[in-house]
Amino acid sequence: MEFAGYAFIAIFVGALLLGRHFKATREAREAAEQAKVPSRAVDLRVSGWTASELRDVFRRFSELYGLPEPRVAETANGVFSAKWTDGLAPSHILFAVNYAHYPEGHDLHGRSICAAAKVSAGHFDSVPAGRSVTIYVPEDDDRFDCVHAVDDRGTAYFGDFGKSGFVKTDRARMRTCVQALFG
């Protein structure tokens with residue numbers, strides 16, 4: 001066999017091995033992303049909607065992401081809890097908090113929406129181990145595709161949907177209503 005033949009075989013085998021590596025890396029990343037946070041570890045609360053409106057908001061959200069619909073129950077004084085019995089992937093928690101503020105097909109005029117999720121420790125790679133977080137849409141939000149979080153030690157984080165994970169920020173921008181949701 002000539003040099004060109006051996007070179008072709010070497011390139012072909014190298015490409016095959018490299019392709020398998022990238023596929024395995026992608027599959028591992030997707031599996032990690034789909035690892036669900038158990039329902040008991042997430043407390044997602046919302047105010048500003050009626051029970052039927054919130055059920056419709058999260059029905060649409062669930063359809064959009066191929067998820068089962070959550071149970072929606074009133075906790076007190078117009079504050080509702082949404083629970084996905086099978087849990088949610090970390091990204092879906094972020095998206096659900098954001099979607100409660102900016103749902104498709106609903107008029108937001110004259111509403112004061114507040115949504116946040118408390119998530120127990122160990123479910124977000126970019127938050128130090130052992131720290132639980134509260135996730136919320138920041139005050140004066142003008143991006144519509146991000147959330148903020150504060151861990152149980154007061155460290156603030158910014159989460160952009162176009163990037164993976166949270167990064168520390170010096171501006172928590174937590175809405176005053178967030179604490180009232182869990183009061």
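Criteria and cut-off values
- Residues numbered from 1 in each chain as written.
- Predicted model: local features only at pLDDT ≥ 70, side-chain atom pairs only at ≥ 80, totals over all residues.
- Heavy atoms only, no water.
- Core = buried A, V, L, I, M, F, W, Y, C linked by side-chain atoms within 4.5 Å.
- Buried < 20%, exposed > 50% of the residue type's maximum accessible area, 1.4 Å probe, protein only.
- Helix = DSSP H or I, 4+ residues; strand = E, 2+ residues; numbered from the N terminus.
- Contact = heavy atoms within 4.5 Å.
- pLDDT = per-residue confidence, 0-100.
- 1 Å grid on protein atoms, 1.4 Å probe; cavity = no way out; pocket = protein on both sides within 12 Å on 5 of 7 lines; lining within 4 Å.
- Points joined across faces, edges and corners; volume = space filled by probe spheres on them.
- Nonpolar A, V, L, I, M, F, W, Y, C, P; charged D, E, K, R; others polar.
- Pairing = 2+ DSSP bridges.
- Axes fitted to C-alpha atoms, helices over the stretch in contact; angles between N-to-C directions.
- Disulfide = S-S within 2.5 Å.

On to the nonpolar core. Ranked by internal contacts, the top residues of the largest apolar core, which has 35 residues, are Leu-44, Phe-58, Trp-84, Ile-93, Phe-124, Ile-135 and Phe-166. If you list the elements that add at least two residues to this core, you get β1 (42-47), α2 (51-65), β3 (79-83), α3 (90-101), β4 (114-119), β5 (133-136) and β6 (146-151). With six residues, the top contributor of residues to this core is α3. For Trp-84, the contacting residues outside a window of four places in its chain are Ser-39, Leu-44, Phe-58, Phe-61, Ser-62, Leu-67, Pro-68, Glu-69, Pro-70 and Ala-96. Formed by nine residues, the second largest nonpolar core is a distinct cluster that contains Val-79, Cys-114, Ala-116 and Val-178.

Moving on to the confidence of the model for the chain. For the chain, per-residue confidence averages 85 on the pLDDT scale, and residues scoring 70 or more make up 81% of the total. Mean pLDDT across the secondary structure elements of the chain bottoms out at helix α1 (residues 3-34), with 51, and peaks at β1, with 98.

Applying the stated criterion across every chain, the model contains one cavity of 30 Å³ or more. Considering the residues around the largest cavity, the lining is formed by Val-37, Pro-38, Ser-39, Val-42, Ala-82, Lys-83, Trp-84, Gly-87 and Leu-88. When its residues are assigned to classes, the lining of the largest cavity shows six nonpolar, two polar and one charged.

This part takes up the pairing of β4. Of all six residues that make up β4, five are buried, and the element is covered over most of its length. Inspection of the sheet shows β1 paired to β4 by six bridges, in the antiparallel sense. Pairing of Arg-45 across the sheet is with Ala-116, part of β4. Note that β4 and β5 share four bridges and pair antiparallel. Paired with Ala-116 across the two strands is Tyr-136, which belongs to β5.

Turning our eyes to something else, we now look at the sheet that holds β1. Taken in spatial order, the eight strands line up as β2-β3-β1-β4-β5-β6-β7-β8 in an open sheet, and their pairing is antiparallel. Looking at strand neighbours, the two that pair on one side only are β2 (71-76) and β8 (166-169), the edges of this open sheet. Across the sheet, the axes of successive neighbouring strands diverge by a mean angle of 30°, strand direction being ignored. Together, β1, β4, β5, β6 and β8 form the strand contacts of α3, whose direction differs from that of β4 by roughly 165°.

Okay, unusual backbone geometry next. In this structure, Phe-144 takes a positive phi of about 70° despite not being glycine. Tracing the sequence through the fold places Phe-144 in the loop between β5 and β6. A relative accessible area of 47% places Phe-144 in the partly exposed class. The phi torsion at Arg-173 lies on the positive side, around 50°, for a residue other than glycine. Note on placement: Arg-173 falls in the loop between β8 and α4 (176-181). Residue classification places Arg-173 among the partly exposed residues on the basis of a relative accessible area of 24%.

Attention now goes to the environment of Thr-134. As for its position among the elements, Thr-134 is in strand β5. Judged by its relative accessible area of 12%, Thr-134 falls in the buried class.

Okay, the state of the cysteines next. What the rule picks out here adds up to one disulfide. Two residues share a disulfide in this structure: Cys-114 and Cys-177, whose sulfurs sit 2.1 Å from each other. Handedness here is read from the sign of the S-S torsion; for Cys-114 and Cys-177, about 90°, the answer is right-handed. With a gap of 63 residues between them, Cys-114 in strand β4 and Cys-177 in helix α4 connect regions that are remote in the sequence. Take Cys-114: its relative accessible area is 1%, and that puts it in the buried class. We classify Cys-177 as partly exposed; its relative accessible area is 25%.

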